[in-house]
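What the coordinates show
Residue strings, one per chain:
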Amino acid sequence: MDIRALAYVVIDAVDPAQWRSFGGDVVGLQPVALPDGGVGLRMDERACRLFVQPAEADRYAASGWEVADKAAFAAALRALAQAGVDVTVATPAQARARFATEMAWFADPAGNRHELIWGHRSDFARFASPAGVPRFVTGALGLGHTVLPAPAFDRTLAFMTEVMGFASADILTHHGPDEGAQRIHFLHCNNGRHHSLALFEGSVPAGCVHLMVEVESMDEVGRAMDRVRQAEVPLMATLGRHVNDAVTSFYFRSPAGFAIEFGYGGRVIDWATHTVFESTAVSLWGHDFSLGF
Ligand SMILES: [Fe+2]
């Protein structure tokens, strides 16, 4: 399966309107009304990058991956069928709701829901951030990255690499104070972003550890820090710089419980020359995760 990028994510919300102020005024995304009563959040010329849908609980609902075209979509469905995965092909109305030409969905062995699309639909209207963020780093690199829980770690990792076609960027082994080691595997798809997906060896009730969005400068990270403080949104990690993707970022709590990582300076990797490594530290400096994780 040739996944090009993380195209969008879906979030369940008891009160989607909360995301209008959080996503718009704090993160700096552009809220739009969705036909299902939900809130869409734009971050570029695409119609929607975060779909916040009305639900009975607040949690991360799905990751939306895109392939290049109809042929790649058909090939992906064949690969899933061959692996014995239970796939549902969306109705035209369901695909339209994701602003996609076609869509299908399935679950990985950890129970995370994945959606697959081709042909994103957009009127290419100019992105206008209510917080004045000039631009998020998206395009061919996708919207950012997502970190998903994978208690059934080995099976989920095998599914991601052997069926979904992700490849290893690098590995982090986290040694907690009282528990044993927990692994995080960073995985890339077919673009230069260091990782579009990471798997965390553990359970997370919110359905996601964090969702990362990227801006173009440290000043935009600093301005986001000001907005987070002003809105009294709880921090989940202090400012710091990651050893692997080189992102300088901080983390704060979203209304669904998982964190938003807001950063800049992500490495773009030439996979032909990259060598996988295993790190035993998350960050070069900063990133005090004792605040909220
Ligand atoms: Fe991250």
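Please read these numbers as outputs of a predicted model, since none were measured by experiment.

About the cut-offs
- Residues numbered from 1 in each chain as written.
- Predicted model: local features only at pLDDT ≥ 70, side-chain atom pairs only at ≥ 80, totals over all residues.
- Pairing = 2+ DSSP bridges.
- Helix = DSSP H or I, 4+ residues; strand = E, 2+ residues; numbered from the N terminus.
- Core = buried A, V, L, I, M, F, W, Y, C linked by C-beta atoms within 7 Å.
- Buried ≥ 20, exposed ≤ 12 C-beta atoms within 10 Å, placed from the backbone.
- Domains from an automatic or database assignment.
- Contact = placed C-beta atoms within 7 Å.
- Axes fitted to C-alpha atoms, helices over the stretch in contact; angles between N-to-C directions.

When strand 10 (residues 167-175) meets strand 11 (residues 181-188), the two strands line up antiparallel, connected through eight bridges. Looking across to strand 11, one finds that serine 168 is bridged to leucine 187. Bridge count between strand 11 and strand 12 (residues 197-200): four bridges; the pairing is antiparallel. The residue of strand 12 that forms the bridge with phenylalanine 186 is alanine 198.

One finds Ile11 and Val213 to be the most contacted residues of the largest nonpolar core, which totals 82 residues. In terms of residue count, the dominant contributor to this core is strand 1 (residues 5-13) (eight residues). Looking at this core, you find at least three residues from each of domain 1 (5-120) and domain 2 (144-291).

Moving on, we come to unusual backbone geometry. The backbone of glutamate 232 shows a phi angle near 55°, a positive value even though the residue is not glycine. When you line up the elements, glutamate 232 lands in the loop between helix 5 (218-230) and strand 14 (235-242). Backbone geometry at histidine 287 places phi at a positive 55°, although glycine is not the residue there. Tracing the sequence through the fold places histidine 287 in the segment after strand 18 (283-286).

The strand order 17-10-11-12-9-13-16-15-14-18 describes an open sheet built from 10 strands, whose pairing is mixed. In this open sheet, the two strands that pair with only one neighbour each are strand 17 (278-279) and strand 18. Bridge count between strand 14 and strand 15 (residues 248-253): four bridges; the pairing is antiparallel. Bridge assignment links alanine 237 to a residue of strand 15, and that residue is tyrosine 251. Helix-sheet contacts for helix 4 (residues 153-163) involve strand 10, strand 11 and strand 12, and the interaxial angle to strand 12 is about 165°. In the packing of helix 5 onto the sheet, the strands contacted are strand 13 (210-215), strand 14, strand 15 and strand 16 (259-264), and the crossing angle to strand 16 comes to about 150°.

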